[in-house]
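So the chains spell out like this:
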Amino acid sequence: MTKEIIISGFGGQGVLSMGKILAYSGLMEDKEVTWMPAYGPEQRGGTANVTVIVSSEKISSPILSSYDVAIVLNQPSLDKFESKVKAGGMLIYDGFGIINPPTRKDITIYRIDAMDKAAEMKNSKIFNIIVLGGLLKVCPVISSKGVEKALYKTLPERHHHLIPLNMQALVEGGNIIEEVKG
C-alpha cells in the first residue's frame, strides 16, 4: 500500500502541519513516509503545499509529478493540482475556498466544508485537522490512534490540553465529507 498525497492551500491554513501530522502518524504506525514542503517567501497568505507519501514499502523518491490524492484548500491550488491527480485517484476540496469546483470525471471528488465546521466549533485552528479527518474517512492511510500519538509527539507539551479537541475535529471531518456526484 502506497499513497502519494499533495496538500495545498494558502499559508496559515495549516497545510504544512497537516502534512507533518500525517507523516508523523505514519511513522507511529511503522510505515515508510516522506514529507516534502514547498512554499513561497510569503508563507502566511501565499500558497503552500506539501507532498506526503505513506507506504508499507520503501519509498524510492519523494519527488512526484502526479498524485493518488490531492487535498486543495483554495482556487489556485485546485487550478494547479486537479490535472495532476492520477486517473482513478481522488480530490478533496474545502467548499469555502473554491469558486469553480473540480470538473474531472475520471477521479472521485469529495467536498468537505471544514472552514464552516471549524467556525461552528469556535476554533479556526482545527480547520486542518477537520480536513485530515475527512481524508482518513475516504482514504484510511493511517488510523486515528496514529494521529493521536503523532499529536502528542509533535505538539509542544503546553498544547497537549488541545488534543481532545483535535481528536473531536478528526471525527467531525469524517462525518462531514461528502462525495460530489457529477
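Going by the structure above, here's the rest.
An account of the accompanying structure is given in this report. (Residues numbered from 1 in each chain as written. Predicted model: local features only at pLDDT ≥ 70, side-chain atom pairs only at ≥ 80, totals over all residues. Heavy atoms only, no water.)

Remarks on the sheet that holds strand β4 (residues 67-72)
Now for step 1: Read across the sheet, seven strands follow the order β2-β3-β1-β4-β5-β6-β7 without closing on themselves; strand pairing throughout is mixed. Strand pairing shows two members of the sheet lacking a second neighbour, β2 (32-39) and β7 (178-179), which therefore form its edges.
Now for step 2: Note that strand β6 (residues 108-112) and β7 share two bridges and pair antiparallel. If you follow Y110 over to β7, its bridge partner there is E179.
Now for step 3: With respect to the sheet, helix α1 (residues 15-28) is in contact with β1 (2-10), β2 and β3 (47-55), its orientation differing from that of β2 by roughly 170°. (Pairing = 2+ DSSP bridges. Helix = DSSP H or I, 4+ residues; strand = E, 2+ residues; numbered from the N terminus. Contact = heavy atoms within 4.5 Å. Axes fitted to C-alpha atoms, helices over the stretch in contact; angles between N-to-C directions.)

Here's the deal with the packing of aromatic side chains
Now for step 1: In total, this model carries one aromatic pair according to the counting rule given.
Now for step 2: Each ring, one from Y67 and one from F81, has its centre 6.1 Å from the other, and the planes form 80°; the classification is edge-to-face. Residue Y67 is found in strand β4, and its partner F81 is found in helix α2 (residues 75-81); the two are separated by 14 residues along the sequence. (Phe/Tyr/Trp six-rings, centres within 6.5 Å; stacked < 30°, edge-to-face > 60°.)

Things to note about the nonpolar core
Now for step 1: The biggest cluster of nonpolar side chains holds 39 residues, and the ones touching the most others in it are L22, I71, L132, L135 and V147.
Now for step 2: Of the residues forming this core, the biggest block, eight residues, is contributed by helix α4 (residues 127-138).
Now for step 3: Those residues within four positions of L135 in sequence are excluded, and the remaining contacts are I5, L22, V69, I71, I92, P140 and I177.
Now for step 4: Formed by 14 residues, the second largest nonpolar core is a distinct cluster that contains L64, L78, F81 and V85. (Core = buried A, V, L, I, M, F, W, Y, C linked by side-chain atoms within 4.5 Å. Buried < 20%, exposed > 50% of the residue type's maximum accessible area, 1.4 Å probe, protein only.)

As for unusual backbone geometry
Now for step 1: Despite not being glycine, D30 shows a phi value in the positive range, around 60°.
Now for step 2: Following the sequence through the fold, D30 ends up in the loop between α1 and β2.
Now for step 3: Judged by relative accessible area, D30 falls into the exposed class, the value being 73%.
Now for step 4: Notably, K122 is not glycine yet its phi reads approximately 60°, a positive angle.
Now for step 5: Along the polypeptide, K122 turns up in the loop between α3 (114-120) and α4.
Now for step 6: Given a relative accessible area of 74%, K122 falls into the exposed group.

Some details on the layout of surface pockets
Now for step 1: When its volume is computed, the largest pocket comes out at roughly 880 Å³.
Now for step 2: What lines the largest pocket is a set of 30 residues, among which G12, G14, S17, K125 and N128 lie closest to the centre.
Now for step 3: Secondary structure elements with two or more residues in the lining of the largest pocket: α1, α4, α5 (144-154) and α6 (163-176).
Now for step 4: Top element by residues in the lining of the largest pocket is α1. It accounts for five residues.
Now for step 5: Residues of the lining of the largest pocket, tallied by class, amount to 15 nonpolar, 12 polar and three charged. (1 Å grid on protein atoms, 1.4 Å probe; cavity = no way out; pocket = protein on both sides within 12 Å on 5 of 7 lines; lining within 4 Å. Points joined across faces, edges and corners; volume = space filled by probe spheres on them. Nonpolar A, V, L, I, M, F, W, Y, C, P; charged D, E, K, R; others polar.)

Side note on the packing of α5 against α6
Now for step 1: The contact between α5 and α6 brings their axes to 11 Å, and the two run at 150°. Regarding the angle of α5 to α6, the classification is roughly antiparallel. Between α5 and α6 the crossing geometry is right-handed. Here α5 contributes S144, V147, E148, L151 and Y152 to the contact with α6, which in turn contributes I163, N166, M167 and L170.
Now for step 2: Its residues assigned to classes, the contact of α5 with α6 comprises six nonpolar, two polar and one charged. (Parallel < 35°, antiparallel > 145°, perpendicular 65-115°, else oblique. Left-handed = near helix turned anticlockwise from the far one by under 90°.)

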